[in-house]
Every structure is written in C-alpha cells, then in structure tokens.
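# Coordinate analysis (summary)
The lines below spell out each chain.
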Amino acid sequence: MTAAALTAARAGLVSCETCKLLSRPVHPDHAGHCPRCGAELESRRANSIQYTWALVIAAAICYIPANLLPVMNTTAFGSTEPDTIMGGVVFLYTSGSWPLALIVLIASVMVPLAKLIALGYLLITVQRGVPGGGRERTRLYRMVEFIGRWSMLDVFVDTFTVALVQLQPLMSVAPGPGVLFFAAVVVLTMIAAETFDPRLIWDAGSQGERQRG
Amino acid sequence: MPVAKGSASVAENTDRNDLPQATVVPKRRTRISVVWIIPVLAAAVAIGIAIQRILSEGPTITIVFKAAAGIEPGKTFVKYKDVNIGQVSAVELSNDFTRVTVKAKIAKSAAGLMVEDAKFWIVEPRISLTGVSGLGTLLSGNYIGFGAGSSTKKAREFVGLDEQPVVTPEERGREFVLRAATLGSHDVGVPVYFRRLLVGEVIAAELDKDGKGVSIRIFVRAPYDQFVTTDTQFWNASGVDVSLNASGFQVQTESLIALLIGGIAFEAPPGAGAGPAADANAVFQLFATRDAAMKGPDLDVEHYVLVFRQSVRGLSVGAPVEFRGVNIGEVTRIGVEFDPKTFNFVQPVDIRFYPDRLRARSLDSGATLPPPKTAEERLKRAQLMVDRGFRAQLRTGSLLTGQSYVGVDIFPKAPKVKLDTSKVPLEIPTVPGEFEELETSVASIIKKLDRVQYEKIDADLRKAIGTLDQTLKDTDALVKRLDAESVPALDRALEAGRKALKSAEGTLDPDSATVTDLRETLREITRAAASIRALTDYLERQPQSLIRGKPAEESK
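Residues numbered from 1 in each chain as written. Chains lettered and ligands numbered in written order. Predicted model: local features only at pLDDT ≥ 70, side-chain atom pairs only at ≥ 80, totals over all residues. Heavy atoms only, no water.

What follows deals with the pattern of salt bridges. All names here are of chain B. Overall, the coordinates contain 17 salt bridges over all chains when judged by the stated rule. The salt bridge partner of Glu 201 is Arg 221, with a shortest N-O separation of 2.6 Å. With a gap of 20 residues between them, Glu 201 in strand β12 (residues 197-207) and Arg 221 in strand β13 (residues 214-221) connect regions that are remote in the sequence. Given the relative accessible area of 15%, Glu 201 is considered buried. For Arg 523, the salt bridge is made with Glu 520, and the minimal N-O distance between the two is 3.0 Å. Linking Arg 523 with Glu 520, this pair stays in helix α9 (residues 512-541), spanning three residues, or about one helical turn. A relative accessible area of 39% places Arg 523 in the partly exposed class. With relative accessibility at 39%, the residue Glu 520 sits in the partly exposed group. (Salt bridge = Lys/Arg side-chain N within 4 Å of Asp/Glu carboxyl O. Helix = DSSP H or I, 4+ residues; strand = E, 2+ residues; numbered from the N terminus. Buried < 20%, exposed > 50% of the residue type's maximum accessible area, 1.4 Å probe, protein only.)

Below is the structure:
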C-alpha cells in the first residue's frame, strides 16, 4: 500500500457520498448533512457489514430453490413439462448448441454464485481487517456492482417466453416458482453490493498501519 | 465549536502535556439489525417449500413392462380414472435386457392406491369393431393406465400388464370361464349378450395346458352378472342361424356386431328354476348353438353298438339316434367288419346314448323314476328292453338327400334275441330297415309273377280276338241293311215336308207382290250405285275427261 497516508476519516473529515464534497462533520458520531447537496453525511455507512451479510445470506438461501425449482412450465399437447435452469443448460448442451448452453450457464448459474462468493470474501476480509490487496478488492467490488444490472437475463427470457408462447390449446408456457427465487437472488445481491461500503476495505489497511505504527 | 478535541487543542494545552491522551474507541453496535429479517424470511420460504415438497412427495414405484411403447421420462403420466396420479421419472432396461423397468413418482394423495394387486398398463389408441378408445393419446402421447387393487398390502414394485385390459379393474361385475373345443371367433373384446343386451366382453382367451381345449374368460358387468346362475348355459352367438322348420324359415342372429366379430350369449334354459348365482370364475361349457345350449348338457352318456347286416349308405357320424322322433343319441362311428370263416360282412355302428333324455316315468303316479345308476342296473334294464322287442333300425330321414338315421322302437313281433351281456359296448339287436322290408316284398311280388302261365294267356287272347272279329262283321251287315231300306223312305218324308212349307209360305204372306216390287226397286238402286262407282272410278283415273270427253281409244 502506498500509504495514502491521510484518510478523511483520520483527518476528522467526511466526504459526501453524493457530490463528493469534503466537509467537517458536526460531531464525529453524527456527521450531519452535506452543506452543498444536502445529503446525509456518513463517515462510514452504518451497519454496512451486518446489512450486507444479511442480504448475502438471504440471496444464498434463495439461490438453492432458484436452481432446484422449475423456472418454466411448458405445456404442449396436453402434457406439462417443468424446466429448471440447469435442465435448460443440459438440454441446450445435448441438443448441440453448446455456446448457448455456456452463456446460460455463465449468466444464470455462475455469475450469481460468483457475486455471492465475491461479496462474502469482501465481507470476511473487511471483518478480519486483512490489510493489503485493497486495490484488487476494490476492483472486485466494482465488478460485482457492474455485473448486478445484467444478471436479470434469465428473468427476462422467462417473462418474454411466458408472454409470447400462449397458443392455448396446443402449447403454453407458465412461470415456475424458481424464477421468483432467481429474481430474489439478483435483487438481493444488488442491494447487498449497494449496502457494502467499499471504504471499509481501506480502513482495514489503515488500521493495520496504525497497529503497526 | 462547543467541544475542542483533536491534536490541535492538545498542542495548545502544553501545561497538561504529560497527561496521557484518552483514546476514542468507536462504539461497536452489538444490536442485531432489522435487516436480518430478510435472510430469515428467505430461509423460511425456502424451507417451507422444501418441507412442502418433501411432504407431498409420494412413493416412487417400479413397474416392469415388456416394452415401453411411447413412454418418456418426465412426460408420461400415470392416470387413474383420467386423473394424473404420477409421472414417469425413468425408463431403463432390466438387468437381463429382456424387459423394461419404468420408475414413476406417484402423488402422495394416490400413495394409498399402490397395493399389491394394483394393475398398470400402457394406454395406446385402440381401434376395433366394437369401438375406438384412447384417441386422446394420439395428441398427448401414451400414458400408463392404472387399475386399483383390492389388497391392503402396500407394494412398490409391480409387473405391468402386457395389454390394455378390456375391462378396467374398478368396473363392477364378475368373471367366468367358458370352456370350448376351439376358440372360434371369441377373441378378446368380443361382446357377451344376455337376451340380446350387451352385458360383457371376452377379456382373455387361452389354450388349456393339455392343448385339448380353450378357456375363454369373460366379464359380465354388474348388475347383469346376477343372471349368471349355476344352470345358465352359454352359446356361441356369432354368425347367423338359419333354420327351416314347420313354422317357416327363421334367421337368428344376436346383433350386427355379433355377425361381424362374433359373440357369446347366455341364458338359463327354459324350465330351469332360478338357481343360485354362479360364483366368480365359475366354469361353464360353451355350446355351439343356442339349441344345443338349451337342450342342456348331457352329463350321462352310455355307449352301445348296433350291428347292421345291410348297407349303411346315408348314415354319417353325428347322425341322430331317435326314439319315435325324439333325439336320444348320436352315431359316433361306422365301421365294417368281416368274418373270414363265413365271409359275412357286417356294419357295426357305435352310438352314444343319453339316458337323461329318455326318462322313465310311472304311468300310474306320474313320478319320474330315477335312471339306473350302476352297471348291473343298466344291464338289467337293457335286457328287459330287448326282451320286449327294443330294436334299432336304419331309416331314411330324407328321400331327397338320402340321409339316414338310426331309429329305435319297440317291435313286439321282432324275433327274440339273446342279449350278449359280455360284450362291451353292449350290442343292441337290429331289425331290417324300412327299405329293406320294401325290397323283400317287391322281391316276393316278382317271384309270384314268375309263376304266371303266359302260354295259356296267349291262346285265350287269340280266341277272344277271333270272337271280336265276328261281332264286327255282324255289325257291318246290319248297317248295310239299314242303308237300303230306311233312307228312301226318309227322302220321301222330306219332300212332303218341303211342299208343306212352300204352301205355308204362300198362304202366310199376302203382300207378296209389294215385296217383289220393293225387291225390284232395291235391285235397280244397286245397279245405279254400281254404275256411279264405275263413273267415279273412271273420273278418278281420267279427270280430264270431264272437259275433254272420253279419249278416242276409250270410245272404241
């Protein structure tokens, strides 16, 4: 770490998260509001770690039914067939279109899992005050935040199919309970990424420095 | 700033520099945040779904089929009364590759149905003459049909039926077994009729283990099954029964379907009381025709042999044995035997006699006497009958076809015969047939004719003819005399008559002159008319003559 020596927190200052104005807090415990944009100032987001943990755990729980329950029920010629995400991947792979299978596998199975693991890793390192690697961890965090908005691919496909394929007597598609859990995973991880305060990554580094010093 | 903290203020108060600076420890909040509700909620929902799934998870059963026609894992359902009660989860070959093992997940609600004698079969579209079924499977694919069992013992492994049962197990009714010599057209699905009402079907037909007959399993639906009593008779109702009898020409058939694909009918014979209902799986005999069935089974059979010393032409195996027109048996074998010593040919005819058809009845009391049961009793009865003149005779049934039958009757004048009781089967003595008798009488007539003295007859005849000749000559002379004497006299009489008539005419007609005049006038008119006709004819041929006058040649 190139000892970015002085942090706002150490200097007793607080930066606005919205307009990034650096100002002096009213009181170290109650920072007050930004004099420029009026946003509530917080040196560190309150309960960031706890909130993030709760959301990550909730997402992890939802991840299991999202993959086990069918996301789509296809009714064709009187027989209903449930489809899970992994079932779809296997179907695509066995039917020869492995690139599509790969895309679905990555977008729907691996990315949400990767997000959960990444957030968990960030939380653990912050809680344990692991110094170093702050830059890499920040990059990881940014990636998680960026990917979040693209993770609804499956839900979109599902809703489109359900809306379009309604040839009632012959064929129809109905959403399965799995899609709800899948959407929950995506939303929960997005919120979790939002509640996580990346500044804590650097706190650990400076704390370690302080402990050393 | 009400409170001055921080390094700047510390530097200002140099007089208290020695004192250690109190450190600010950021307050740690140990209070559990409300946000934990989210994972708890998620967990609750997930666990709830999991519990629901586990609880609703029914048993997985294994069904072994000969072949998995159209069965696909995840797509094929198990249906009971057209309700989905399960779904096929896997289809695999058995370890020895001879059969197919189908695994199916059964809904928890239907788990109670999975008992030992439950039946499974594959439902395919079926089109037969009796109907069309399973058409729905054309679109949705085959499914596994299910029939509830009655056992209470739970089972998880089943052997599927090879064929879709004609009658679903939950249908109420009873099964019976019919035994027949051949299957005929009684294939699975053939209708069973009771008084021409469709009451059941053939559900299975199989060859007996010894290969000597066929067992046909039929199902009779409730409430008609109660009409199958212990004395019910079954018969083959397929085809048309055409009969010509004293009441006319009769065509009998159960229904058009029976005509096409065959059928079985049942009924209790007339006169039979309402017997107790037959047990399920009771065995009955299947008769060829209604008549045969109504006659009732001939349980008691006795065998006899008749030895004929005449031609048995027209007699065939199966020909009836009749006692005064009542059928009491049938011919089973016709043979020829010959004694090398005497060179006598005889025709032994084996017959089957049904003593039940010839009941002994006391004329005094009207009571039916029991037929003889033991062999001795039978022998005694036979001896008695033969002593009284009981004989068999070959008779012609139809002069057209020349078919013969065996008639038995009491011939009191028949020569006495000693019954040989040692023979098995017993030989009933015979008397010559009707034709044989006729032949003998004709022969005796011819013999008598042979004795007639033809020469004497000839001389008598000649004499008679000579007398006749003389008589004719006498007649001729008589006629001639008549001609010579009587005819002139007659002539004279006629002449006198004519004269008398003429004078009568003159006296009776006073206006004869007028009549003559009139006749003259008429004659004139006739002539005039003739000349006019000649003129018009001429004018027609030569119309120009009216102007030019007659041509010159004509005037000549």
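Listed per partner, the contact involves 20 residues of chain A and 21 residues of chain B. Approximately 1600 Å² of surface area, both sides summed, lies buried where chain A meets chain B, with 71% of it carried by carbon and sulfur atoms. Counting every contact that joins chain A to chain B gives zero salt bridges. Counting across the interface, chain A meets chain B through one residue pair in polar contact (both at pLDDT 80 or more). Among the secondary structure elements, those contributing two or more residues to the side of chain A that touches chain B are α1 (48-68), β4 (79-83) and α6 (177-195) of chain A. Looking at which element gives the most residues to the side of chain A that touches chain B, the answer is α1(A), with ten residues. In terms of residue class, the side of chain A that touches chain B is made up of 14 nonpolar, four polar and two charged. (Contact = heavy atoms within 4.5 Å. Buried area = accessible area lost by both parts, 1.4 Å probe. Polar contact = N/O pair within 3.5 Å; in protein donor to acceptor, adjacent residues only side chain to side chain. Nonpolar A, V, L, I, M, F, W, Y, C, P; charged D, E, K, R; others polar.)

All names here are of chain B. Read around the barrel, seven strands follow the order β10-β13-β12-β11-β17-β14-β18 and close on themselves; strand pairing throughout is mixed. Neighbour to neighbour, the strand axes of the sheet diverge by 35 degrees on average, direction disregarded. As judged from the eight bridges shared by strand β10 (residues 173-180) and β13, these two strands associate in the antiparallel manner. Within the sheet, the bridge partner assigned to Arg 174 lies in β13 and is Val 220. (Pairing = 2+ DSSP bridges. Axes fitted to C-alpha atoms, helices over the stretch in contact; angles between N-to-C directions.)

In this section: helix α6 (residues 375-387) of chain B. Helix length check: α6(B) (13 residues) gives 18 Å between terminal C-alpha atoms against 18 Å at 1.5 Å per residue, within 8%. Following α6(B) by one or two positions, B:Gly389 adopts a phi angle in the positive range, close to 100 degrees. (Expected span 1.5 Å × (residues − 1).)

Turning next to the packing of aromatic side chains. Residue and element names in this part refer to chain B. Applying the stated criterion across every chain, the model contains 14 aromatic pairs over all chains. Relative to Phe 266, the ring of Phe 194 has its centre 4.9 Å away and its plane inclined at 20 degrees; by these criteria the two rings are stacked. Pair noted here: Phe 194 is in strand β11 (residues 191-194) and Phe 266 is in strand β17 (residues 264-267), with a separation of 72 residues, a long-range link. Here the aromatic residues Phe 176, Phe 194, Phe 227, Phe 234, Phe 266 and Phe 284 are joined through ring pairs into a cluster of three or more. (Phe/Tyr/Trp six-rings, centres within 6.5 Å; stacked < 30°, edge-to-face > 60°.)

To continue, consider unusual backbone geometry. All names here are of chain B. That bond from Ala 222 to Pro 223 is cis: its omega, 5 degrees, falls within 30 degrees of zero. Of note, Pro 223 is situated in the loop between β13 and β14 (233-236). Of note in this structure, Asp 82 is not a glycine but carries a positive phi near 65 degrees. Residue position: Asp 82 is located in the loop between β2 (77-80) and β3 (83-93).

Another aspect to go through is the sheet that holds β2(B). Residues and elements named next belong to chain B. The seven strands lie next to each other as β5-β8-β2-β3-β4-β1-β9, forming an open sheet whose pairing is mixed. Where the open sheet ends on each side, the last strands, each with one partner, are β5 (119-123) and β9 (157-159). Averaged over all pairs of adjacent strands, the angle between their axes in this sheet comes to 30 degrees, without regard to strand direction. Inspection of the sheet shows β2 paired to β3 by four bridges, in the antiparallel sense. Residue pairing in the sheet places Phe 77 in a bridge with Gln 87 of β3.

Before going further, it helps to examine the pairing of strand β8 (residues 143-147) of chain B. It is a general feature of regular strands that their side chains alternate between the two faces of the sheet. Residue and element names in this part refer to chain B. Judged by how many residues are buried, β8 sits mostly within the fold: five of five residues are covered. Sheet analysis places β2 next to β8, joined by two bridges and oriented parallel. Along β8, the bridge assignment pairs Val 78 with Ile 144. Pairing of β5 with β8 involves five bridges; the strand directions are antiparallel. From the neighbouring strand, Phe 120 faces β8, where its bridge partner is Phe 146.

This part takes up the packing of α1(A) against helix α3 (residues 98-128) of chain A. Residues and elements named next belong to chain A. Contact geometry for α1 and α3: axes closest at 10 Å, N-to-C directions at 155 degrees. Classed by the angle they form, the pair α1 and α3 counts as roughly antiparallel. α1 and α3 meet at a crossing whose hand is left-handed. Packed against α1, whose contacting residues are Ile 49, Thr 52, Trp 53, Val 56, Ala 59, Ala 60, Tyr 63 and Asn 67, the element α3 presents Val 109, Pro 112, Leu 113, Leu 116, Leu 119, Gly 120, Leu 123, Ile 124, Val 126 and Gln 127 at the interface. (Parallel < 35°, antiparallel > 145°, perpendicular 65-115°, else oblique. Left-handed = near helix turned anticlockwise from the far one by under 90°.)

Time to look at the side chain of A:Thr138. Mapped onto the elements, A:Thr138 comes out in helix α4 (residues 134-148). Ignoring anything within four residues of it in the chain, the contact list for A:Thr138 reads A:Ile201 and A:Trp202.

All names here are of chain B. Together, Ile 445, Leu 449, Val 452, Tyr 454, Ile 457 and Leu 461 give the surface a local cluster of nonpolar side chains, amounting to about 570 Å² of exposed area. At the level of elements, α7 (434-450) and α8 (454-508) are the ones that each hand at least two residues to the nonpolar patch. Top contributing element to the nonpolar patch by residue count: α8, with three residues. We classify Ile 457 as partly exposed; its relative accessible area is 41%. (Patch = residues over 30% accessible without salt bridge, like charges linked within 9 Å, V, L, I, M, F, W, Y side chains within 5 Å. Areas by Shrake-Rupley, 256 points an atom, 1.4 Å probe, with all protein chains shown as cover.)

This part is about the confidence of the model for chain A. Averaged over all residues, the pLDDT of chain A equals 80, while 89% of them reach at least 70. For residues 208-213 of chain A, every residue scores under 50 in pLDDT, and the model assigns this stretch four contacts once sequence neighbours within four places are set aside. (pLDDT = per-residue confidence, 0-100.)

Residues and elements named next belong to chain B. Pairing of β10 with strand β18 (residues 283-287) involves three bridges; the strand directions are parallel. Each residue of the ladder has a partner; that of Val 177, found in β18, is Val 283. Sheet topology note: the β14/β18 ladder contains two bridges and is parallel. From the neighbouring strand, Trp 235 faces β18, where its bridge partner is Phe 287.

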